[in-house]
Amino acid sequence: MSLIKSKKYKNILLNISKNLNTKYDHEFNLSVSDGFTVTCRSGNVESIEHHQDTLMSVTVYSDYRKGSASTNNLSEESISSVIQKAENISKNTQPDECQGLPSENYTKDESKDLEIYYPMDLKIEDVIDLTNECESEAFKTDKRISNSEGSSFSYSTNQHILLNTKGAFGSFNSTNYNLSCIVLAKEKKLMERDYWYSSVRDFKKLESVKQIGKMAAKRTVSRLGAKNISTRVCPVIFSPEMAVSLISNFLSAINGEAIYKKSSFLLGKLNEQIFPEFIHIKEEPHLSNGPGTRPYDSEGVLTFKKDIIKDGLLKTYLLDTYSARKLKSKSTGNGVLTNIIIDSNDKLESNIISTLDDGIYITEMMGSGANILTGDYSRGAFGYLIKNGEIQYPVNGITVASNLAQMFKNIVSLGDDVDMRNRITSGSMMINDVTIGGSS
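Residues numbered from 1 in each chain as written. Predicted model: local features only at pLDDT ≥ 70, side-chain atom pairs only at ≥ 80, totals over all residues. Heavy atoms only, no water.

Remarks on the packing of aromatic side chains
- The full count for this structure, using the stated rule, is 13 aromatic pairs.
- Judged by centre distance (5.5 Å) and plane angle (80°), the rings of Phe 172 and Tyr 296 are edge-to-face. Residue Phe 172 is located in strand β5 (residues 169–187), and its partner Tyr 296 is located in the loop between β8 (279–283) and β9 (306–310); the two are separated by 124 residues in the primary sequence. By the burial criterion, Phe 172 is buried, and Tyr 296 matches it.
- What links up through ring pairs into an aromatic cluster is the set Phe 36, Phe 153, Tyr 155, Tyr 177 and Phe 203. (Phe/Tyr/Trp six-rings, centres within 6.5 Å; stacked < 30°, edge-to-face > 60°. Helix = DSSP H or I, 4+ residues; strand = E, 2+ residues; numbered from the N terminus. Buried < 20%, exposed > 50% of the residue type's maximum accessible area, 1.4 Å probe, protein only.)

Focus on helix α2 (residues 76–91)
- Here α2 contains 16 residues, and its C-alpha end-to-end distance of 23 Å stays within 8% of the 22 Å for a straight helix at 1.5 Å per residue.
- Taken residue by residue, α2 has Ser 78, Ile 79, Val 82, Ile 83, Ala 86, Glu 87 and Ser 90 as its buried positions. (Expected span 1.5 Å × (residues − 1).)

Some words on the sheet that holds strand β16 (residues 424–425)
- Sheet architecture is open: five strands sit in the order β10-β9-β8-β11-β16, paired in mixed fashion. Of all strands in the sheet, those with a lone pairing partner are β10 (313–314) and β16, marking the two edges.
- Pairing analysis gives two bridges linking β9 to β10, with the strands arranged antiparallel. Across the sheet, Lys 310 pairs through a bridge with Leu 313, a residue of β10. (Pairing = 2+ DSSP bridges.)

So, the pattern of salt bridges
- Summed over the entire model, instances satisfying the criterion amount to 16 salt bridges.
- Measuring nitrogen to oxygen at the nearest pair gives 3.3 Å for the salt bridge that ties Glu 192 to Arg 223. Here the residue Glu 192 occupies a position in strand β6 (residues 190–200), and Arg 223 occupies one in the loop between α4 (209–221) and β7 (232–238), the gap between them amounting to 31 residues. Comparing Glu 192 with Arg 223, the two get one shared label, buried.
- Residue Arg 219 pairs with Glu 241 through a salt bridge whose shortest N-O separation is 3.6 Å. You can see Arg 219 sitting in helix α4 and its partner Glu 241 sitting in helix α5 (residues 240–253), a full 22 residues away along the chain.
- One network of salt bridges, in which partners are shared, links Glu 192, Asp 194, Arg 219, Arg 223, Glu 241, Glu 364, Asp 419 and Arg 421. (Salt bridge = Lys/Arg side-chain N within 4 Å of Asp/Glu carboxyl O.)

Observations concerning the environment of Ser 230
- Take Ser 230: it is sitting in the loop between α4 and β7.
- Put simply, Ser 230 and Ala 381 are 151 residues apart on the chain and 14 Å apart in space, counted from C-alpha to C-alpha.

Comments concerning the nonpolar core
- Membership of the largest hydrophobic core comes to 50 residues, with the highest contact counts inside it found for Phe 238, Phe 250, Phe 275, Ile 281, Ile 308, Ile 360 and Ile 362.
- When residues in this core are grouped by element, the largest group, eight residues, is from α5.
- If we skip the residues at most four places from it in the chain, Phe 238 touches Ala 243, Leu 246, Tyr 361, Ile 362, Met 365, Val 400, Met 407, Ser 428, Met 429 and Ile 431. (Core = buried A, V, L, I, M, F, W, Y, C linked by side-chain atoms within 4.5 Å. Contact = heavy atoms within 4.5 Å.)

Considerations on the sheet that holds β6
- Across the sheet, which stays open at both edges, the six strands sit in the order β3-β2-β1-β4-β5-β6 with antiparallel pairing between neighbours. Only two strands of the sheet have a single neighbouring strand rather than two, namely β3 (65–71) and β6. Ignoring which end each strand starts from, the neighbouring axes of this sheet average 20° apart.
- By the bridge criterion, eleven bridges tie β5 to β6 in an arrangement that is antiparallel. (Axes fitted to C-alpha atoms, helices over the stretch in contact; angles between N-to-C directions.)

Brief notes about a negative patch on the surface
- Residues Glu 125, Asp 126, Asp 129 and Glu 133 make up a contiguous surface patch of negative charge.
- Relative to the elements of secondary structure, Asp 126 occurs in helix α3 (residues 124–141).
- By relative accessible area, Asp 126 is classed as partly exposed at 46%. (Patch = residues over 30% accessible without salt bridge, like charges linked within 9 Å, V, L, I, M, F, W, Y side chains within 5 Å. Areas by Shrake-Rupley, 256 points an atom, 1.4 Å probe, with all protein chains shown as cover. Lys, Arg positive; Asp, Glu negative; His and termini not counted. Charge placed at Lys NZ, Arg CZ, Asp CG, Glu CD.)

As for the pairing of strand β1 (residues 25–41)
- Judged by how many residues are buried, β1 sits mostly within the fold: 13 of 17 residues are covered.
- Note: β1 against strand β2 (residues 44–62), 17 bridges, orientation antiparallel. Its bridge partner lying in β2, Arg 41 is registered against Asn 44.
- Pairing between β1 and strand β4 (residues 145–164): 14 bridges, direction antiparallel. Across the sheet, residue Ser 33 finds its bridge partner in β4, namely Asn 158.

Some remarks on α3
- Here α3 contains 18 residues, and its C-alpha end-to-end distance of 26 Å stays within 8% of the 26 Å for a straight helix at 1.5 Å per residue.
- Every buried residue belonging to α3 is among Ile 124, Val 127, Ile 128, Leu 130, Thr 131, Asn 132, Cys 134, Glu 135, Glu 137 and Ala 138, and all of these are buried.
- Next to the buried residues of α3 lie β1, β2, β4, β5 and α4.

Read these as geometric descriptors, not functional statements.
What follows is the structure, given as structure tokens:
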């Protein structure tokens, strides 16, 4: 995104703020994204999509009433219209004393270099070549790879600008590079599908195209020959991606909205033991190259590093301005989540599967069977039977059933195979005494 365009968008918002009805508080959020996606399949270009997305959202507060509207047209007429819509909506909503703009700890200037903005002038021809190479490598890896759903590369450069009538102003830029490959394997009458991908802020840190293709192929082939198993209670290792999903459930349970609505199994649990003492969960919003790195949240409140779980104890809920007021507390800068790091005070296991005598390694779960109110947990899954520290064969048709509170307490170790691709980062997670529902 050029500097000229950047200044243009900032000036649009600054000019708007000079001509507002002073009876209302206004907040403006502007997001602009430019980029493209290339998809190749079977050695041919399947699609090339260019995009330029613009979205301005306007929020108005009037006597504790809130109204919001948005537009993707930045003409003066369109902006004036969306402001009027937001003001009209606010007049017809119920007053709530907790509504309103943040009154403290908000952004006041442009962000310094967050090390998440690495724009490049990529040639489509080069992108097509690397995307084709990624898919080709998957086919080369194993003769059982019989088909492909394609390999895709996407690039975007993004700008976010926030301004409100309390004096908040902030702006930051970011880039995203993603490369993925999805393939199918066939053996006799059996067919399986799996994938692999890399997602980074800096193109130079993208996983090699050959490695992505090979990993997609190996993961797919490893699923062939899946068997059913009997119901059992055993240790379960959740792969990094599945461990992230468990932590996501935990974060939903400590979200301010769930707490003030009393719809969380972690209500009233501050400073209580939720995880084993060796577990540490922290938020690092300014992490270099972090997928969730940002200087302020969706309301303009400055983000800051914090312990969420320390020595297994719950140290904070995650609050935006509204939920903080409902709970008579202060915002934690969590109008959005940034980078969440799951770590251990103990040594991370270098080969966590080798430490499991008899259990299941879960790599995929289906459905949304987590009840945040009660903590009850039940999801369909795919994984591998482990005996004496080695994978025996893939298993399907199983269900993971337990309670999140008990699962968190039963964590026994974390692996060093940390997945850095998402805003929640974790290695594999071993949990004792999980019920696995099988075929009998």
